[in-house]
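Given next are the chains, with one letter for each unit.
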Amino acid sequence: MLNKTIGQAASLLTIFLIALVCFDVGGRYLFNFSTAGISELEWHIFGCIFLLNAPNTLRLNKHVRVDAIYNQFSPKNQALIDIFGVLFFLTPFCILVIDASIPYVINAYTIMEKSTDPGGLPFRFIIKSCIPISFILLLLQGISHLLSKLQTLKDYTSTP
């Protein structure tokens, strides 16, 4: 439920991003006006949309994989592949990114990092904090996915 709600909220950012890009393009071509801050905000919002929707994408089972091959397997083998993927790929990768990104965010907060561009955005720690948050949520969704696939495996093996 958490990843669904966050994913939906992040999806709403897409509307804001479209409006912001239209404002930026309109301002640039109609009024010869643009700032580094607007351009950076576009990239920051895009990053948030991508990062915060990743756990919801896994929840919806819309993540990247070779479905042409995967769909040919039995539900039992699909569950085994998913369990292997969560245990040996998703979990270690999430832990690695979380571990590497937290000091990155703390440093940005400590020095109150801001853009080096004139007119750029302050408070870079806000956008940088989306990295560990999204990977924590992805890890939690991966654990949920793992438990679901373990249940599938249990159900499959318990039926005659």
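Just above sits the structure.
A brief look at the structure comes next. (Residues numbered from 1 in each chain as written. Predicted model: local features only at pLDDT ≥ 70, side-chain atom pairs only at ≥ 80, totals over all residues. Heavy atoms only, no water.)

Here the largest pocket defines a volume of roughly 510 Å³. Contributing to the lining of the largest pocket are 22 residues, with Leu-58, His-63, Val-64, Arg-65 and Leu-90 lying nearest its centre. Secondary-structure elements contributing two or more residues to the lining of the largest pocket are helix 2 (36-59), helix 3 (67-70), helix 4 (75-110) and helix 5 (124-158). Here the lining of the largest pocket gets six residues from one element, more than from any other, and that element is helix 4. Taken together, the residues of the lining of the largest pocket sort by class into 15 nonpolar, five polar and two charged. (1 Å grid on protein atoms, 1.4 Å probe; cavity = no way out; pocket = protein on both sides within 12 Å on 5 of 7 lines; lining within 4 Å. Points joined across faces, edges and corners; volume = space filled by probe spheres on them. Helix = DSSP H or I, 4+ residues; strand = E, 2+ residues; numbered from the N terminus. Nonpolar A, V, L, I, M, F, W, Y, C, P; charged D, E, K, R; others polar.)

Now for unusual backbone geometry. The phi dihedral of Asn-61 is positive, around 60 degrees, even though this residue is not glycine. Within the fold, Asn-61 resides in the loop between helix 2 and helix 3. Among the residues examined, Asn-61 registers a relative accessible area of 34% and is labelled partly exposed. Notably, Met-112 is not glycine yet its phi reads approximately 50 degrees, a positive angle. Given the relative accessible area of 38%, Met-112 is considered partly exposed. (Buried < 20%, exposed > 50% of the residue type's maximum accessible area, 1.4 Å probe, protein only.)

One pass over the full model with this rule turns up five salt bridges. Here Lys-128 ties to Glu-113 by a salt bridge, and the two come within 2.6 Å at their closest N and O atoms. Taken together, the residues Lys-128 in helix 5 and Glu-113 in the loop between helix 4 and helix 5 connect sequence positions 15 residues apart. Residue class for Lys-128 comes out buried when judged on its relative accessible area of 11%. By sharing partners, the salt bridges in this structure join Glu-40, Glu-113, Arg-124 and Lys-128 into a single network. (Salt bridge = Lys/Arg side-chain N within 4 Å of Asp/Glu carboxyl O.)

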